[in-house]
Structures are given as structure tokens and as C-alpha cells.
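What follows is each chain in one-letter form.
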Amino acid sequence: MLVLSRKKDETIIINDQIEIRVLEVKGDTVRIGIEAPKEVKVYRKEIFDAIVHENKQAGASSGNLAALKSLPLSKNTEGE
Amino acid sequence: MKLKTELFGDLELLEDAVVVFPEGLIGFPQYNKFVILGLPDYHPFLGMQCVDDPQFSFVLVDPCIVIDDYRVVLSDLDMQELGGINIEDLAVYALVVLHSDPKNITANLQGPIVINPAAKIGKQIIMANEQYQLKHHLYSAASSKAV
């Protein structure tokens, strides 16, 4: 990992087009401004990781569909 | 093309049924080809099978039947990448995490997949507003919708 120290209002530039600026430091919270081309996606990592994890769970090849029939959403023709 | 899957059994898929996800799914950029499957015995759920990897099988549900007023937020770039479609013409689905106990079956409402059915292009988007849950329990879904 590249580690740099920045003070408020100082900036880091990545690949010519992505800029990351320290806007404010208050207690243990750092406000970070990001300028990037619109095709560059920026996410809070914990949200990104959570979605990746959820995708892994959803994409599981094992398990089976049977339990879906017990959901109130299911409109199956079998009796309760 | 034939695919042997654990979740959906042996499938016979048509090449022109393939929906292309140019960026794959979040965390899985290498998986670009999917086919949506009807699951007549499990209505209203649908299946989504990854053509690139037979082990990657999904169940989908329309978020609008899970909660009231589900709205996706798409950027201009998202719309462009989906082939310049009107938002009303998009198909939106949530990925379902299966479980043997129906009370533990959840849908990811924070990371829906959005498909342009005409152009057969899809992408997964992240909705950062925490109004929608990552693990929305479907067992109580019937009661969370207004009648």
C-alpha cells in the first residue's frame, strides 16, 4: 500500500485524472473530496465489500429452491 | 448451448437469450453473460444463470413486489451504458440469498441488477441510500406491503 500524509486542502492525483483532496479533519473523521471522470466508480469500501459478499451468497450453486414455496410472496397452486 | 447447473439442473440455453453485463457483477467483473430463466413452479421468482460459470446461479425477485415504492437511482452514465433506454422500460431485480429456512431468505435491495430487455444489456448498481436493506427478509414481505 502506498502511504502518503496530507494536510487539510492538500491533494493526491492518481493516473492524471483522479484527484483526492482532504477537505476537513475533525476529530477522527476526515472529509475527502474526489474528482474523477464519470466512468470511474467510487464507493465506500464497506458498502462495496458487503455487496460483493452478498453476491457470493446469492450466487451459491448449492442449496435448493424448495424453501421459496413457503414464502408469502409465492403464488403456488398447492394448498397450504 | 447446454449447461449443467446444480441449482437449476441441466439447461438448454439459446445464444440470443444471453444478457450481457459488460462490467459483470460487483466483485465479479469477469462474469459477463447471463440468461434469465422463468421458474414456473416458483412464481414470482425468476432464475438467472451465469453462462461463464455454471456454478454461479441466482434467484431474482422484483423489488417492487417486496416493498412499496422501490425506486432505482441511475446516473446518466448508467443509462448510457444500458443502451440509452427510458427508465420505465428497464427491468429491475434483486438478487435473492436462498436458505433452507424460509425465514432466512433475503433479497439484496441495495445492489439491484438493472436490465435493458430490448438490447439485452445489464448491470448491477449500488444504491448507497440506506433506506434499502442489503438483507431484506422476504418472509415478512407480504406484511410490509400496503394492501
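Residues numbered from 1 in each chain as written. Chains lettered and ligands numbered in written order. Predicted model: local features only at pLDDT ≥ 70, side-chain atom pairs only at ≥ 80, totals over all residues. Heavy atoms only, no water.

J.: Can you tell me about the interface of chain A and chain B, naming the residues and giving the values?
T.: Contacts between the two partners involve 31 residues from chain A and, on the opposite side, 45 residues from chain B. Surface buried jointly by chain A and chain B totals about 3300 Å² across both partners, of which 69% is contributed by carbon and sulfur atoms. Of all residues in chain A, the largest losses of buried area upon contact with chain B belong to A:Glu54, A:Leu65 and A:Leu73, amounting jointly to 20% of the total for that side. Remark: the boundary between chain A and chain B carries two salt bridges. (Contact = heavy atoms within 4.5 Å. Buried area = accessible area lost by both parts, 1.4 Å probe. Salt bridge = Lys/Arg side-chain N within 4 Å of Asp/Glu carboxyl O.)

J.: Run through the sheet that holds strand S1 (residues 11-14) of chain A, naming residues and quoting values.
T.: Residue and element names in this part refer to chain A. Strand order in the open sheet formed by three strands is S1-S2-S3, with antiparallel pairing between adjacent strands. One side of each edge strand has no neighbouring strand; the edge strands of this open sheet are S1 and strand S3 (29-35). Averaged over neighbouring strand pairs, the angle between their axes works out to 25 degrees when direction is ignored. Pairing of strand S2 (residues 18-26) with S3 involves seven bridges; the strand directions are antiparallel. By the bridge assignment for S3, Glu 24 is matched with Arg 31. (Pairing = 2+ DSSP bridges. Helix = DSSP H or I, 4+ residues; strand = E, 2+ residues; numbered from the N terminus. Axes fitted to C-alpha atoms, helices over the stretch in contact; angles between N-to-C directions.)

J.: Please set out a nonpolar patch on the surface residue by residue, giving values where relevant.
T.: Residues and elements named next belong to chain A. Together, Val 25, Val 30, Ile 32, Ile 34, Val 40 and Val 42 make up a nonpolar patch on the protein surface, roughly 470 Å² of accessible area in all. Counting residues per element, the nonpolar patch draws most heavily on S3, at three residues. Position of Ile 32 relative to the elements: it lies in strand S3. (Patch = residues over 30% accessible without salt bridge, like charges linked within 9 Å, V, L, I, M, F, W, Y side chains within 5 Å. Areas by Shrake-Rupley, 256 points an atom, 1.4 Å probe, with all protein chains shown as cover.)

J.: Tell me about unusual backbone geometry, and name the residues and values.
T.: Geometrically, the link from B:His43 to B:Pro44 is a cis peptide bond, its omega value of 10 degrees lying close to zero. With respect to the secondary-structure elements, B:Pro44 resides in the loop between strand S4 (33-38) and strand S5 (46-50). Positive phi is not limited to glycine here, since A:Asp9 has a value of about 75 degrees. By the element assignment, A:Asp9 lies in the segment before S1. A:Asp9 gets classed as partly exposed once you look at its relative accessible area, which sits at 44%. Phi is positive for B:Lys120, close to 55 degrees, though the residue is something other than glycine. With respect to the secondary-structure elements, B:Lys120 resides in the loop between strand S8 (106-116) and strand S9 (121-124). (Buried < 20%, exposed > 50% of the residue type's maximum accessible area, 1.4 Å probe, protein only.)

J.: Give me the nonpolar core: which residues, what numbers.
T.: Membership of the largest hydrophobic core comes to 40 residues, with the highest contact counts inside it found for B:Phe45 and B:Leu138. Ranked by size, the runner-up nonpolar core spans 24 residues in total, among them A:Ile47, B:Phe34, B:Leu95 and B:Ile126. (Core = buried A, V, L, I, M, F, W, Y, C linked by side-chain atoms within 4.5 Å.)

J.: Any chance you could break down the side chain of B:Thr5 for me, citing the residues and the numbers?
T.: All names here are of chain B. Assignment of secondary structure puts Thr 5 in strand S1 (residues 2-5). For Thr 5, a relative accessible area of 8% puts it in the buried group. With residues near it in sequence (within four places) discarded, Thr 5 still touches Asp 10, Leu 11, Gln 49, Pro 54 and Ser 57.

J.: Before we move on, could you go through the pairing of S5(B) and cite the residues and values that matter?
T.: Residue and element names in this part refer to chain B. Across the five residues that make up S5, a large majority, four, are buried. Bridge count between S4 and S5: five bridges; the pairing is antiparallel. Within the sheet, the bridge partner assigned to Gly 38 lies in S5 and is Leu 46. With four bridges connecting them, S5 and strand S6 (residues 57-61) associate as antiparallel partners. Each bridged residue has a counterpart across the sheet, and for Gln 49 the counterpart in S6 is Ser 57. Between S5 and the antiparallel strand that follows it, S6, lie six residues.

J.: Which residues make up the confidence of the model for chain A, and what are the values?
T.: Looking at chain A as a whole, its pLDDT mean stands at 88, while 89% of the residues score no less than 70. Scored below 50 in pLDDT, residues 76-80 of chain A makes two contacts in the model with residues more than four places away or belonging to other chains. (pLDDT = per-residue confidence, 0-100.)

J.: Could you give me a rundown of the environment of B:Lys4, with the residues and numbers involved?
T.: Note on placement: B:Lys4 falls in strand S1. Those residues in contact with B:Lys4 that sit more than four places away from it in its chain are B:Gly9, B:Asp10 and B:Pro54.

J.: Go over the packing of aromatic side chains with me, naming the residues and quoting the values.
T.: The tally for this structure, following the rule as stated, stands at eight aromatic pairs over all chains. Grouped by ring-pair contacts, the aromatic residues B:Phe21, B:Phe28, B:Tyr31, B:Phe34, B:Phe56 and B:Phe58 constitute a single cluster. Taking NZ or CZ as reference, A:Lys69 lies 5.0 Å from the ring centre of B:Tyr42, over its face. Just above the ring of B:Tyr139 sits the side chain of B:Lys103; from NZ or CZ to the centre is 4.8 Å. (Phe/Tyr/Trp six-rings, centres within 6.5 Å; stacked < 30°, edge-to-face > 60°. Lys NZ or Arg CZ within 6 Å of the ring centre and 35° of its normal.)

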